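# Coordinate inspection notes
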Amino acid sequence: LGTVALVDAVKACKPQPKYIHISTVALYGNRNEMHPWGRVGDPLLVSPFDAYAMHKLFAERYVLESELESWAVLRQTAMLHPNMMRNNIKDGLLFHTAYNAPLEWSTSRDSGLLIKNILAAEGKGEIPFFWKRIYNIGAGKRGRETGYDTFNDGFAMIGGTTEKFFKPYWFASRNFHGLWFSDGGELEEMFHYQRDGVKEYWKEIADKHKLFRMGRIVPKGLIH
């Protein structure tokens, strides 16, 4: 309903402003190591019971059918952000991430830089070709991992591993979302926003929260 309100408001404006819609990788549904790659144009097969993805699907469809004069749809990939450790540990979404899910991680900083560069280029009149298309916000090779790899990277800050803290049967084995973008370089070629990698992100978190290093000497049972 938020997207409907925004699109209708844009349509009512004279002259009509340009509209950028942020969609999601969740529209592609469940993927695993057997078929990790995807691109714009792949079937949109939302995972069963994924209410978030279904609402995003309805929202994107409304944009595409709206007859706006100038629009673009950006499907956001998995997001690394400064408060990820604190926020994600508090809810069950952590355990919905399948070990074998392909995840292409972009940082919130890179995704924000993309929007900044789009607006700057539009202000100079340099991107008439950009509008009325759908794009995947990729992160490139340095952002591609699996769910298992991601947990391992996080635990490495405290001297641990996925095996030391988790049991495989704690996690969903399907009905998640995530993939590696075969066309994720298209926006990078236009707007040059991919600066952070997964390894750099975890190093930054470790440097900012030095208390995590105490996990290297605290008995694992106490952390658990």
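Just above sits the structure.
Residues numbered from 1 in each chain as written. Predicted model: local features only at pLDDT ≥ 70, side-chain atom pairs only at ≥ 80, totals over all residues. Heavy atoms only, no water.

## Observations concerning the packing of helix α5 (residues 147-156) against helix α8 (residues 198-208)
Which entries qualify depends on this criterion: Axes here mean lines fitted to C-alpha atoms, for a helix over just the part in contact, with angles spanning 0 to 180 degrees between N-to-C directions. Helix and strand assignments follow DSSP, with helices taken as H or I runs no shorter than four residues and strands as E runs no shorter than two, numbered in order from the N terminus. Note that the term roughly parallel is reserved for angles under 35 degrees, roughly antiparallel for angles over 145, roughly perpendicular for angles of 65 to 115, and oblique for everything else. Handedness of each helix crossing follows the sense of rotation of the near helix against the far helix: counterclockwise by less than a right angle gives left-handed, clockwise gives right-handed. We call two residues in contact when some of their heavy atoms are within 4.5 Å. Charged means Asp, Glu, Lys or Arg here, nonpolar means Ala, Val, Leu, Ile, Met, Phe, Trp, Tyr, Cys or Pro, and polar covers whatever is left, Gly included.
Contact pair α5 / α8: the axes reach a minimum separation of 10 Å and the direction vectors enclose 30°. Between α5 and α8, the interaxial angle falls into the category roughly parallel. Note that α5 runs across α8; the crossing there is right-handed. Packed against α5, whose contacting residues are Thr150, Asp153 and Gly154, the element α8 presents Val198, Lys199 and Trp202 at the interface. The class makeup of the residues in the contact of α5 with α8 is 2 nonpolar, 2 polar and 2 charged.

## Quick word on α5
Let me state the cut-off plainly: Categorising residues by exposure relies on relative accessible area from a 1.4 Å probe, with only protein chains included: less than 20% of the type maximum marks a residue as buried, more than 50% marks it as exposed, and the intermediate range marks it as partly exposed.
By the burial criterion, the buried members of α5 are Gly147, Thr150, Phe151, Asp153, Gly154 and Phe155. The secondary structure elements touched by the buried residues of α5 are β5 (102-107), β7 (144-146), α6 (162-165) and α8.

## Let's talk about the packing of aromatic side chains
Each aromatic ring pair is summarised here by two numbers: the centre-to-centre distance and the angle between the ring planes. Where we set the bar: Side-chain rings of Phe, Tyr and Trp, where Trp is taken by its six-membered ring, are said to pair if the distance between their centres is within 6.5 Å; with planes under 30 degrees apart they count as stacked, over 60 as edge-to-face, and otherwise as tilted.
Per the counting criterion, the structure on display carries 18 aromatic pairs. A ring pair is formed by Trp37 and Trp180, whose centres lie 5.6 Å apart and whose planes are at 70°; its orientation type is edge-to-face. Here Trp180 lies in strand β8 (residues 180-181) and Trp37 lies in strand β2 (residues 37-38), a separation of 143 residues in the sequence. Overall, Trp180 belongs to the buried group, its relative accessible area being 19%. Each residue in the set Phe95, Tyr99, Tyr148, Phe151, Phe155, Phe165, Phe166, Trp170 and Phe171 is aromatic and connected to the rest through ring pairs, giving one cluster.

## Re the sheet that holds strand β6 (residues 133-137)
Definition in use: In this scheme, strands are said to pair when DSSP sees at least two bridges between them.
If you walk across this open sheet you meet the 3 strands as β1-β3-β6, and the pairing is parallel. In this open sheet, the two edge strands, each paired with only one partner strand, are β1 (19-24) and β6. Here the strands of the sheet are splayed against their neighbours by 25° on average, with no regard to which way each runs. Bridging between β1 and strand β3 (residues 71-76) involves 6 bridges; their strand directions are parallel. Looking across to β3, one finds that Ile22 is bridged to Leu74.

## Details of the sheet that holds strand β4 (residues 78-80)
Spatial ordering of the open sheet is given by β4-β5-β7, a layout of 3 strands whose pairing is mixed. The open sheet terminates on both sides in strands that have one partner only, identified here as β4 and β7. In this sheet, adjacent strand axes meet at a mean angle of 45° when their direction is disregarded. Alignment of β5 against β7, held across 3 bridges, turns out to be antiparallel. Considered in β7, the bridge of Leu103 is made with Glu145. Sheet strands touched by helix α4 (residues 108-123): β4 and β5. Its angle to β5, the strand with the most contacts, is close to 65°.

## Observations concerning the packing of helix α1 (residues 2-12) against helix α2 (residues 51-64)
Packing of α1 against α2 leaves a shortest axis separation of 9 Å and a crossing angle of 15°. Between α1 and α2, the angle is such that the two are roughly parallel. Crossing of α1 against α2: the hand is right-handed. Facing α1, whose interface residues are Thr3, Val4, Val7 and Asp8, α2 presents Ala59, Tyr62 and Val63.

## Here we look at the side chain of Asn32
Under the convention used in this document: Think of a polar contact as two N or O atoms within 3.5 Å of one another; within protein, one of them needs to be a possible hydrogen donor and the other a possible acceptor, and neighboring residues in sequence only count if both atoms come from side chains.
In this structure, Asn32 sits in the loop between β1 and β2. Overall, Asn32 belongs to the buried group, its relative accessible area being 19%. Reaching out from Asn32, the side chain makes a polar contact with the backbone nitrogen of Met34 at a distance of 2.8 Å.

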